[in-house]
Amino acid sequence: MRVRGQSVWRWRQGPIDLYWLRGDCRLTLGEQQILCEETLLKVQRQGDTIAVEVLAAGAVEIDGRSSSKQWYSQLQLESRPAIDAKQYRGAPPQPPPLLDAMARWKTPTRSDAGAIQPAQFQSPAAPPITNNPPAANPPGTLTPEGLPVPQPAPPGQPIERDGPLGDNNFRFLVGGGAQAVSVLPRNPSIPPQISFRQHAIAGSLQSESIIVARGGVTVIIQDAQAEINNQIFDVGAVELSADRIVGWMPSMNGLLNGTSTLGEGDGELYLEGDIVFRQGDRVIYAERMYYNVAQQYGMVLQAEVLTSIPQYEGMVRLKADVLQQVSQGEFVAFDAAVTTSRLGVPRYWLQSNQLRLSTREELTVNPQTGLGEITRRNLVSSRNNYVYLAGLPVMYWPVFTTDLKRSNFYITDIGIKNDSIFGAQLLVDFDLFQVLGIEEPPAGVEWTLSTDYLSERGPALGTYAQYEVPGMWGLPGPVKGELDIWGINDEGLDYLGVGRSDLTPEEDLRGRALLRHRHYLPNDFEFIAEVGLLSDRHFLEQYLENEWDRDKDHDTALRLRKYYLNNMFDLNLGVRTNEFYTDTNQLPRLDHYGLGGSLLGDRLTWSMHNQVGYADLEVAEAPIDPVEAASFTTLPGETDAEGLVAATRQELAAPINARIMKIVPYVSGEAAYFGEDATGQDLTRLLGQAGVRTSIPMWKHYPTVQSSLLNVRSLAHKMEWRGDFFYADSSADLDEIPLYDPLDDDAQEQFRRRLIFDNFGGVLPPQYDPRTYAFRQGLQRNVTSPSLPIADDLMQARLGLNQRWQTKRGLAGRERIVDLIRLDMDVLLFPEEDRDNFGEVLGPARYDFRYHAGDRVTFLSDGYFDFFEEGLRSISAGVMSSRPGLGNVYVGVLSLEGPISSNVLRSAIDYRLNEKWILGAGATVDLGVVGNVGQTFSLTRIGESGLLQLGINVDSGRDNVGFVFSFEPRFWPKRKLGNLGGQLIPPPGVEGLE
């Protein structure tokens, strides 16, 4: 819907926006054209739609044919109507007659006599002009409770004024007392020339005061509630400075003798010559300016605006030939340029023929507290836009619409790379809300379009959406999630590492579709939805290696959870959509968890886990490539099996406080049914378990331990001894039950298949079976064990010691307690060593060590040890230093012995050399026969407009050398470059001019 006219008045009534247009009005509704002399619109958001009431009056023509005197309609639109006019004004002085006419159109007929009649509101008649003295409390002025009521000066008695201007220092209340205006000198040492005179208003018995100031004047407009004892109680201020100012204010004589009131003057200002306008952190520089104080309407010529925006650290600059403030929160700029650069001639900007800025306050729900709060949105829309770089136009787009929370211009990310696997790469992401010109993008939603080209592989296209909103589909409750779709027509070969090069992809059209959605519903419900579709088994490993190594699997499932006190009910429906990975279909499955229930007055603690469902375990299909198919093998526990799986596990614990020691004996039992075991038969397993947990805390303080060299001021040593003896007896062996609940992600499973073939000839020894590892760690002890099949006969004891050495650091009188040293250790003991731990009583042992030499320097080490023959033994040690804004460095060694023997040196550094340059480097070297693993090197130039990075990556495992060219504007909302010690290089202007 589009509406045009000669003049438009805009104001608000609660949540409703009203527009009154007059003179040659034209309404466009799709293909329908309506002409009239004036029209009134009521606009209000209702959920995802915009409700509009429109009334056209005066010589109404519909599609060229004359109609009745008035035309009325109620509409539901997807977006707000576009309203254009030559003159923009604020609220009208009196409600327009069309308001009453619109109310009559909505008034029910006599047959609807029982319905509720809409209330009609009319503005009161103007008070008659009298010679009585004004009231003690002027209209529109609020007096705070407990303060004296201001009394007017007696007629004829001059008002005492003080300040740098003496008698030339004026203060007025305008707009019904809602704003106060003070006139001050611009330079206190050079008083300006100020004069004023009375001017009769044509057609009225009243007059106004005209103030003329020359020689530099500052005008301060304060939102005032009352003026008491020469003090203005305000909630905000606007400051205007100029060489010359003319002001039209209420008549001073009329105020003193009672012939005029405060509400009869808007208060108008005209300024010229070196104008500076300040409101909060917004600054406007201009040559000429007009401003209506009460209606907040203004026009500025040759304007430059410097302002901040929410969730952006820097400042935004707007230059325009003409800048209009058409009403409160509504600005229009003609021939406008927008940039975040602080240079006189910026290197980048967005140029628009006409730009409109709307500031709106909305009621939103805080996702953390669930409470409503008022938030401010700054919406920008423009037409005929050019993006300039280094003074040259590089992009044109007809429409541009954005929330100023997004500080980018169309493009959200750009990258240029080159390597031997993908070739030359150009990666560009666009903000789809801005590209499509969506006027009001949903709050909390980001939506981008990826347009990529890889010379060795082909063109690619994708889209990514991330959202965090207070509700969805008409249902309340915080919602967050992401959608990622990306595809490529791949014309190349895969390079995945040594012995896995020149692999032909299983599909030509490759990509993925990923959805992860979480909705916290009322009444403690939670809904989770996941969709994970992959084109082939190697796509993630080739294109998104970090995600393949670290992220969770691409699952497809729906889950509905209900939380009640200490219980959770979880209904899960999951299907396998990627047949090249092993997965279990849950068709469906219901879990109930009850933890920490109290029995017998807290003497006993009851926990449980009950589950029932139909499970269908499907083994991964073999690769198509004959070389990979020859080395493909199944993992322990993988077998095609399906059937009913039901189990209940109950635990009772009896906590005992024995002075310094806490003792918790516990007993648990389980009954589980599997519709199909490893042999294809049904199986019932009974499991009985019992044990005792103990803990003893100790501490000692050493106040005399002091060392300025080691940065120690007193020392406190805290220890916690932990013990757990556990016994279990099962009616079924571990090997009898298929692994319905997987232990590893797809990435670890794919690596283990190659490990079995390359290192063990196709048969995995039981010492390295992941089921055995989980079993020896005592996974079955937990009521909430994530894998039901992991259980067998077991006897073990766990001994552990957690230690902290703490000291005080900080300024005198403001010390804080910090960890100086942390050392955690534990070890497992197996009395039945031949059955449970491959002939060794001493089982897995671990330690974790941290020494914080200072707030920025840490020495760290950790280790894991299995003591049977060729058991895994791992030690890592290193030093890490981090200084926010300056850089971070790490040097460390990793040593592995057992099924794999390797000693690896790892190092990384990011360091800001000076104000202009950042150095980044990293290296990984195997100190054995493998040798070089890979290196990275980058040099980043810090510019006023952005960060320019040149880098090189060497991956010896894939025989790949890549060159990276990256440019990232400093105003982009999501930045990646320039992260030094966890702190990004700030946007331009945050630390002043650079």
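The chain carries the name LPS-assembly protein LptD in an unreviewed UniProt entry, which gives Roseimaritima ulvae as its organism.

Student: Which residues make up the overall build of the chain, and what values do they have?
Tutor: From N to C terminus, the chain includes nine helices and 50 strands. The proportion of buried residues among the 994 residues of the chain is 44%. For the chain, the share of sequence-separated contacts (at least 6 apart) that also reach a separation of at least 24 residues comes to 53%. As displayed, the chain offers around 50900 Å² of accessible surface, 56% of which is attributable to carbon and sulfur atoms.

Student: I'd like a description of helix α7 (residues 746-760), backed by residues and values.
Tutor: Here α7 contains 15 residues, and its C-alpha end-to-end distance of 20 Å stays within 8% of the 21 Å for a straight helix at 1.5 Å per residue. Of the positions making up α7, those classed as buried are Asp746, Ala747, Glu749, Gln750, Arg752, Arg753, Leu755 and Ile756. Those residues of α7 that are buried lie in contact with α5 (545-550) and α8 (770-776). The first or second residue beyond α7 is glycine 761, which carries a positive phi of 65°.

Student: Got a sec to walk through the pattern of salt bridges? Specific residues and values, please.
Tutor: Overall, the coordinates contain 45 salt bridges when judged by the stated rule. When the shortest N-O distance is used, the salt bridge between arginine 561 and glutamate 526 registers 4.0 Å. Taken together, the positions of arginine 561 in strand β29 (residues 556-564) and glutamate 526 in strand β28 (residues 525-534) put the pair 35 residues apart, joining distant regions of the chain. Of the residues examined, glutamate 526 reaches a relative accessible area of 2% and is grouped as buried. The network of salt bridges with shared partners includes Arg457, Asp490, Asp494, Arg510 and Asp536.

Student: Outline unusual backbone geometry, listing residues and values.
Tutor: Peptide bonds are trans in most cases, and residues, glycine excluded, mostly fall at negative phi. A cis geometry characterises the amide bond from leucine 587 onward to proline 588, with omega recorded as -20°. Following the sequence through the fold, proline 588 ends up in strand β31 (residues 583-599). Positioned with a positive phi, tryptophan 473 is a non-glycine residue whose angle comes to about 60°. Tracing the backbone shows tryptophan 473 in the loop between β25 (458-472) and β26 (475-489). Residue classification places tryptophan 473 among the exposed residues on the basis of a relative accessible area of 64%. In this structure, arginine 659 takes a positive phi of about 55° despite not being glycine.

Student: Describe a negative patch on the surface, with residues and values.
Tutor: Where like charges cluster on the molecular surface, the negative patch consists of Glu491, Glu507, Asp508, Glu579 and Glu621. Examined against the element boundaries, glutamate 491 turns out to sit in the loop between β26 and β27 (509-521).

Student: Provide a residue-level description of the nonpolar core, including the pertinent values.
Tutor: Among the nonpolar cores identified, the biggest contains 43 residues, and Ile221, Leu240, Ile245, Leu269, Leu271, Met289 and Leu323 are the most heavily contacted of them. The two domains that each donate at least three residues to this core are domain 2 (166-226 + 235-295) and domain 3 (297-407). Counting 24 residues, the second-largest nonpolar core is a separate cluster that includes Val43, Val52, Val60 and Ile62.

Student: How would you summarise the side chain of histidine 517 if you had to cite specific residues and measurements?
Tutor: By secondary structure assignment, the location of histidine 517 is in strand β27. Exposure remark for histidine 517: the relative accessible area of 5% places this residue in the buried category. Of note is the side chain of histidine 517, whose polar atom sits 2.7 Å from the side chain of tyrosine 467. In this view, histidine 517 contacts Tyr467, Met472, Trp473, Val479, Lys480, Gly481, Phe527, Ile528 and Ala529; residues no more than four positions away in its chain are not counted.

Student: Give a detailed account of the side chain of arginine 576, specifying residues and quantitative values.
Tutor: Its location among the elements puts arginine 576 in the loop between β30 (567-575) and β31. Given the relative accessible area of 17%, arginine 576 is considered buried. One polar contact links the side chain of arginine 576 to the main-chain carbonyl oxygen of glutamate 579, over a distance of 3.3 Å. When residues no more than four places from it in sequence are discounted, the contact partners of arginine 576 are Tyr581, Asp583, Asn585, Glu618, Val619 and Ala620.

Student: Hey, could you go over the packing of aromatic side chains for me, with residue numbers and the actual values?
Tutor: One pass over the structure, following the stated rule, counts 18 aromatic pairs. Taking the centre distance of 4.9 Å and the plane angle of 85° together, the rings of phenylalanine 580 and tyrosine 581 count as edge-to-face. The exposure classification of phenylalanine 580 matches that of tyrosine 581, with both residues buried. Following the ring pairs from residue to residue traces out a cluster consisting of Phe422, Trp486, Phe539 and Tyr543. The ring of tyrosine 666 carries the charged tip of arginine 693 above its face, separated from the ring centre by 4.3 Å. The ring of tryptophan 917 is capped by arginine 941, whose NZ or CZ atom sits 5.7 Å from the centre of that ring.

Student: Please provide a residue-by-residue account of empty space enclosed by the protein, values included.
Tutor: Tallying each qualifying case throughout the model produces six cavities of 30 Å³ or more. Put simply, the largest cavity is a space of about 150 Å³. Forming the boundary of the largest cavity are 15 residues, of which Leu635, Glu638, Leu739, Pro742 and Glu749 lie nearest the centre. Of all the secondary structure elements, the ones that give two or more residues to the lining of the largest cavity are β31 and α7. Taken together, the residues of the lining of the largest cavity sort by class into seven nonpolar, three polar and five charged.

Student: Requested: an account of the environment of tyrosine 563, with residues and values cited.
Tutor: One can find tyrosine 563 in strand β29. Look at tyrosine 563 and you get partly exposed, because its relative accessible area is 30%. Linking tyrosine 563 and glutamate 526, residues 37 residues apart in sequence, is a C-alpha distance of 8.2 Å. Tyrosine 563 has contacts with Asp524, Glu526 and Met568, leaving out every residue within four places of it along the chain. A distance of 2.6 Å separates the side chain of tyrosine 563 from the side chain of glutamate 526, its partner in a polar contact.

Student: Explain the environment of asparagine 566 residue by residue, including any values.
Tutor: With respect to the secondary-structure elements, asparagine 566 resides in the loop between β29 and β30. For asparagine 566 and glycine 596, which are 30 residues apart along the polypeptide, the C-alpha to C-alpha distance reads 7.0 Å. At a separation of 2.7 Å, a polar atom in the side chain of asparagine 566 contacts the main-chain carbonyl oxygen of leucine 595.

Basis of the calculations
Residues numbered from 1 in each chain as written. Predicted model: local features only at pLDDT ≥ 70, side-chain atom pairs only at ≥ 80, totals over all residues. Heavy atoms only, no water. Helix = DSSP H or I, 4+ residues; strand = E, 2+ residues; numbered from the N terminus. Buried < 20%, exposed > 50% of the residue type's maximum accessible area, 1.4 Å probe, protein only. Contact = heavy atoms within 4.5 Å. Areas by Shrake-Rupley, 256 points an atom, 1.4 Å probe, with all protein chains shown as cover. Expected span 1.5 Å × (residues − 1). Salt bridge = Lys/Arg side-chain N within 4 Å of Asp/Glu carboxyl O. Patch = residues over 30% accessible without salt bridge, like charges linked within 9 Å, V, L, I, M, F, W, Y side chains within 5 Å. Lys, Arg positive; Asp, Glu negative; His and termini not counted. Charge placed at Lys NZ, Arg CZ, Asp CG, Glu CD. Core = buried A, V, L, I, M, F, W, Y, C linked by side-chain atoms within 4.5 Å. Domains from an automatic or database assignment. Polar contact = N/O pair within 3.5 Å; in protein donor to acceptor, adjacent residues only side chain to side chain. Phe/Tyr/Trp six-rings, centres within 6.5 Å; stacked < 30°, edge-to-face > 60°. Lys NZ or Arg CZ within 6 Å of the ring centre and 35° of its normal. 1 Å grid on protein atoms, 1.4 Å probe; cavity = no way out; pocket = protein on both sides within 12 Å on 5 of 7 lines; lining within 4 Å. Points joined across faces, edges and corners; volume = space filled by probe spheres on them. Nonpolar A, V, L, I, M, F, W, Y, C, P; charged D, E, K, R; others polar.

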